[in-house]
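Inside the fold
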Amino acid sequence: MFLRLAQQHRQFVQDLVMSLQALATVLERRGYLASCYTCGDQMNSASFMVSLGDNHLIRFLVSDYGITWTEMRDDRELMKLEGAEAINQLQELANIVKQPMQTSTGNKTLAKKC
C-alpha cells in the first residue's frame, strides 16, 4: 500500500511540474515576467516565479518534500501557504490566463529553462 501511495505522489508532483511549465509559458505570452526551473530530467521539483507588476512577485515551489506559495510585494512577504491551500492559490493565478488578453506594453518576458 505505501509503495503505491509513494508512486502516486511522485506522479502528482510530475503532473504539477508540467502544469507549472505550461502556466509559465502562457503567462509569458501574455506579457508577464514568468519562469519555471526544474532540476534534472525526472521532474520531481520545480521553482515557478511570476511578476504581476508593481514589485508584486509570486513564487511557487514544488518537490517531494512539499508545496509552497509565497506572495511578496516590495520585498515583503504578504502570504505563505502550503499544500492544498497553495495549489488553490495557484488556480487563482491560472484563472488570469483564462481572462481575455489585455494589451500590455511595459512587461517583458524572462527566458526560462523548462
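Right above here is the structure, for reference.
This report concerns the structure included in the present document. (Residues numbered from 1 in each chain as written. Predicted model: local features only at pLDDT ≥ 70, side-chain atom pairs only at ≥ 80, totals over all residues. Heavy atoms only, no water.)

Looking at helix α2 (residues 83–98)
Along its 16 residues, α2 runs 23 Å from first to last C-alpha, staying within 8% of the 22 Å computed at 1.5 Å per residue. Residues of α2 that are buried: A86, L90, L93, A94 and V97. Along the axis of α2, the buried residues cluster in a sector spanning 105 degrees; they form a single face. Pointing more than 90 degrees away from the buried face of α2 are the exposed residues A84, N88 and K98. Those residues of α2 that are buried lie in contact with α1 (2–29), β2 (45–53), β3 (56–63), β4 (66–73) and β5 (76–82). (Helix = DSSP H or I, 4+ residues; strand = E, 2+ residues; numbered from the N terminus. Expected span 1.5 Å × (residues − 1). Buried < 20%, exposed > 50% of the residue type's maximum accessible area, 1.4 Å probe, protein only. Arc of directions from axis to C-beta. Contact = heavy atoms within 4.5 Å.)

Some remarks on α1
Over its 28 residues, α1 extends 41 Å from the first C-alpha to the last, a length consistent with the 40 Å expected when each residue adds 1.5 Å. V13, L16, V17, L20, Q21, L23, A24, L27 and E28 are the residues of α1 that are buried. The secondary structure elements touched by the buried residues of α1 are β1 (33–38), β2, β3, β4 and α2. Following α1 by one or two positions, G31 adopts a phi angle in the positive range, close to 95 degrees.

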